[in-house]
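Here is how the chains run, residue by residue.
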Amino acid sequence: MAPAPIVIGYDGSPASERAVREAGALLAPRPALVVVVWEAGMGFLVSSLPASTLDIPPAPIDVRAALEVEDAMYERAQRLAEQGARQAREAGLEAEGLTVADEASVADTLLRLVREREAQAVVVGAHGHRTFGEVLLGSTSQSVVHRAQCPVVVVRQAA
């Protein structure tokens, strides 16, 4: 039976790139799932922004344009997941990329995958911004640390 993977949250930021490298240094040659969580439905939200931001009555949404935006965002997320998986393989992990639609939050989606895949650990990068508590970790990493049922590796963005 193959060992359980580690789940690595990836968004292409310097913090997530560093998290991939550190995961490889600490955990290679384990299997890894490099996960990009994307915001499904944003194409439709973006298509309706002018009406809502200008405080004018909403116009009908151009469904074709919204679907094109949605497809472009999904394709970008897929390319990002493959980029992260490639970096993980270069770091010595047996990695595959996975693009997953956001369910409630990035942390919720990562934790669902951790449970479903029975992951040995979860790795996230911390951007360090927003409120005082988030300065130390970041909202996603803070939520993962508090709720994960497996070991969590949080990697800070390099100074």
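You'll find the structure just up there.
This write-up is about the structure you can find in this document. Only a predicted model underlies this, so the values are computations on that prediction, with no experimental measurement involved. (Residues numbered from 1 in each chain as written. Predicted model: local features only at pLDDT ≥ 70, side-chain atom pairs only at ≥ 80, totals over all residues. Heavy atoms only, no water.)

Right, let's get into the overall build of the protein chain. A count of helical and extended segments in the protein chain gives seven helices and five strands. Starting at the N terminus, the α and β elements of the protein chain follow one another as β-α-β-α-α-α-β-α-β-α-α-β. Counting across all 159 residues of the protein chain, residues that qualify as buried make up 37%. For the protein chain, long-range pairs separated by at least 24 residues make up 72% of all intrachain contacts whose partners lie at least 6 apart in sequence. For the protein chain, the exposed area adds up to about 8900 Å²; of that, 56% sits on carbon and sulfur atoms. (Helix = DSSP H or I, 4+ residues; strand = E, 2+ residues; numbered from the N terminus. Buried < 20%, exposed > 50% of the residue type's maximum accessible area, 1.4 Å probe, protein only. Contact = heavy atoms within 4.5 Å. Areas by Shrake-Rupley, 256 points an atom, 1.4 Å probe, with all protein chains shown as cover.)

With that out of the way, let us pick up the packing of aromatic side chains. Tallied over the full model, the rule gives one aromatic pair. Considering the side-chain rings of Trp38 and Tyr74, the 5.2 Å spacing of their centres and the 55 degrees angle between planes classify their relative orientation as tilted. One end of the pair, Trp38, is in strand β2 (residues 31-38); the other, Tyr74, is in helix α4 (residues 63-90), and 36 residues separate them in sequence. (Phe/Tyr/Trp six-rings, centres within 6.5 Å; stacked < 30°, edge-to-face > 60°.)

You can see Ser143 is positioned in helix α7 (residues 139-147). In contact with Ser143, not counting residues within four places along its chain, are Ala107 and Leu111.

Now for the sheet that holds strand β5 (residues 152-156). Across the sheet, five strands lie side by side as β3-β2-β1-β4-β5; this open sheet has parallel pairing. Each edge of the sheet is formed by a strand with only one pairing partner; in this case those strands are β3 (94-101) and β5. The sheet shows a mean angle of 25 degrees between the axes of neighbouring strands, direction not considered. By the bridge criterion, eight bridges tie β2 to β3 in an arrangement that is parallel. Within β3, the position partnered with Val34 by the bridge is Gly97. Running over the sheet, helix α1 (residues 14-27) touches β1 (6-9), β4 (121-126) and β5 and is turned about 145 degrees from β4. Sheet strands touched by α4: β2 and β3. Its angle to β3, the strand with the most contacts, is close to 160 degrees. (Pairing = 2+ DSSP bridges. Axes fitted to C-alpha atoms, helices over the stretch in contact; angles between N-to-C directions.)

Across its 14 residues, α1 extends 20 Å between first and last C-alpha, which sits within 8% of the 20 Å expected from 1.5 Å per residue. Along α1, the residues classified as buried are Ala15, Ser16, Ala19, Val20, Ala23, Gly24 and Leu27. Buried-residue contacts for α1 involve β1, α4, β4 and β5. (Expected span 1.5 Å × (residues − 1).)

With that out of the way, let us pick up the nonpolar core. Ranked by internal contacts, the top residues of the largest apolar core, which has 21 residues, are Ile6, Ile8, Val34, Leu93 and Val123. Mapped onto this core, the elements with two or more residues apiece are β1, α1, β2, α4 and β4. Among the elements that line this core, the one with the most residues is α4, at five residues. Sequence-distant contacts of Leu93, defined by excluding residues within four places in its chain, comprise Ile6, Ile8, Val20, Ala23, Gly24, Leu27, Ala28, Arg30, Ala32 and Ala88. (Core = buried A, V, L, I, M, F, W, Y, C linked by side-chain atoms within 4.5 Å.)

Within the sequence span of α7, burial applies to Ser141, Ser143 and Val144. The buried residues of α7 occupy one face: seen down the axis, they fall within an arc of 160 degrees. On its buried face, α7 sits against α5 (106-116), β4 and β5. (Arc of directions from axis to C-beta.)

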